[in-house]
Structures are given as structure tokens and as C-alpha cells.
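Residue strings, one per chain:
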Amino acid sequence: MKSIILLFFSIILFSTCSISYQFNGASINYDEVKSISIHDFPNQASLVYPELSNMFSQRLRQRYMNQTRLKLIQQNADLDLEGEITGYEIAPMAVKEDGYASQTKLTVTVRVRYSNRVKPAEDFEQTFSSHKEFDSSRLLSDVERELCTQITDEITDMIFNATVANW
């Protein structure tokens, strides 16, 4: 009889728990946090890839929409993400014996301001950066979209983990 009562109370206790831990790493209390606003991230880098701002902003929104139950709204959300792309740099890496680079590195840097209206102590401003290397015999224009997609995915993962994966 005691085990049945204990089981009953355990079921009630665990079924009322409102924090959601998902395999994607998000830990969000959906009773307190229901919405997010993700503003466009303008490209303020000195070197500009025209598609990057839209690509980054859209992929960041998709990440939160696909992996949380948060509602995306324009303003006055419980969570707020804004910022800008501050760096888009190309640098030679490995130099061959003839003095030419055999690898080139593309680096993207994004500054993010995160506001949590439910828990303001979690607010931050932080810079995230990622890079990919490619063979210098290839033109940047031939690999730019693919590299930017990979870099954007890495940076959006970092931002997602820094904001809603509070393990």
C-alpha cells in the first residue's frame, strides 16, 4: 500500500515539473519563458558577403523554432537576441615553399546581446566566432556560400548553447 501511495505522489510530482530538458540541450522553464524575439543581424564587417546577414538571421531563428517551443514575436518577448556581424575576414594559412598559401581561412565574428526578461541576471553581451579553411587554389566565390553556411551553423549552435542550454 505504501509503495502505491509513493508511486502516486511520484507521478504527480514529476508530471507537474515545468522545466523541459531536451536532447538538443535546451533547458527552458516554459511556464515562465514563452517567447523570443530575434532581430536581424546587420553586417557591419569591413568585408561584406551580401547574403550573410539574411542567412545568419534566418538560421538563428530556425534553430530556436526547431528546437524549442518558444513563440517567435517581434518585440516585448521574454528572451531577446540582437547584435551584428562584426567580422568577415580572409587570411592565408599554410604557406608553401614557393611563398604562396596552400590554405585560406575564412572567419566570421558576431556580437550578440542577449536579454532575459524573466531572469535578468542571465543577460550578456558576447562575441562569437568561427572559421573554416579551404584550398587556396579555389576561388572564394566558389566556396563562399558553403563555408558561410557551415560557419553560421556553428555560431548559431554556440549562441543557442549560451542562451538556453543552462546545464
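Residues numbered from 1 in each chain as written. Predicted model: local features only at pLDDT ≥ 70, side-chain atom pairs only at ≥ 80, totals over all residues. Heavy atoms only, no water.

Peer 1: Describe the sheet that holds strand E5 (residues 79-92), naming the residues involved and giving the relevant values.
Peer 2: A sheet is described by the order of its strands in space; here 5 strands give the open sequence E4-E3-E5-E6-E7, paired in mixed fashion. Since the sheet does not close on itself, it has two edges, and those belong to strand E4 (71-72) and strand E7 (124-135), each with one partner. For E5 and strand E6 (residues 103-116), the ladder comprises 13 bridges, and the chain directions are antiparallel. When the sheet's bridge partners are listed, Gly-83 is paired in E6 with Val-112. This element, helix H2 (residues 52-67), spans strand E3 (35-38), E4, E5 and E6 of the sheet and lies at about 135° to E5. Each of E5, E6 and E7 is contacted by helix H3 (residues 140-164), which is oriented at about 150° to E7, the strand it contacts most. (Pairing = 2+ DSSP bridges. Helix = DSSP H or I, 4+ residues; strand = E, 2+ residues; numbered from the N terminus. Contact = heavy atoms within 4.5 Å. Axes fitted to C-alpha atoms, helices over the stretch in contact; angles between N-to-C directions.)

Peer 1: Any details on the packing of aromatic side chains? Residues and values, ideally.
Peer 2: Taken as a whole and judged by the stated rule, the model has 4 aromatic pairs. Ring geometry for Phe-41 against Phe-56: centres 5.1 Å apart, planes inclined by 70°, an arrangement best described as edge-to-face. Placement of the pair is Phe-41 in the loop between E3 and H2 and Phe-56 in helix H2, with a sequence separation of 15 residues. For the residue pair Phe-41 and Phe-56, the accessibility class agrees, reading buried in each case. For the cation-ring pair, Arg-69 lies above Tyr-30, with the distance from its terminal atom to the ring centre recorded as 4.0 Å. (Phe/Tyr/Trp six-rings, centres within 6.5 Å; stacked < 30°, edge-to-face > 60°. Buried < 20%, exposed > 50% of the residue type's maximum accessible area, 1.4 Å probe, protein only. Lys NZ or Arg CZ within 6 Å of the ring centre and 35° of its normal.)

Peer 1: Just give me the short version of unusual backbone geometry, but keep the residues and values in it.
Peer 2: Residues other than glycine seldom take positive phi values, yet Asn-76 does so here, at roughly 60°. Mapped onto the secondary structure, Asn-76 falls in the loop between E4 and E5.

Peer 1: Which residues make up the environment of Ser-102, and what are the values?
Peer 2: With respect to the helices and strands, Ser-102 occurs in the loop between E5 and E6. By relative accessible area, which is 23% here, Ser-102 ends up partly exposed. Along the sequence, Ser-102 and Ser-137 sit 35 residues apart, while their C-alpha atoms lie 7.2 Å from each other.

Peer 1: Quick rundown of the side chain of Asp-78? Include the residues and the values.
Peer 2: Residue placement: Asp-78 occurs in the loop between E4 and E5. Among buried charged residues, Asp-78 stands out as having no salt bridge; its nearest opposite-charge side chain is Lys-34, 6.7 Å away. If we ignore the near neighbours within four places in the chain, the residues touching Asp-78 are Glu-32, Val-33, Lys-34, Ser-35, Ser-115, Asn-116, Arg-117 and Val-118. (Lys, Arg positive; Asp, Glu negative; His and termini not counted. Salt bridge = Lys/Arg side-chain N within 4 Å of Asp/Glu carboxyl O.)

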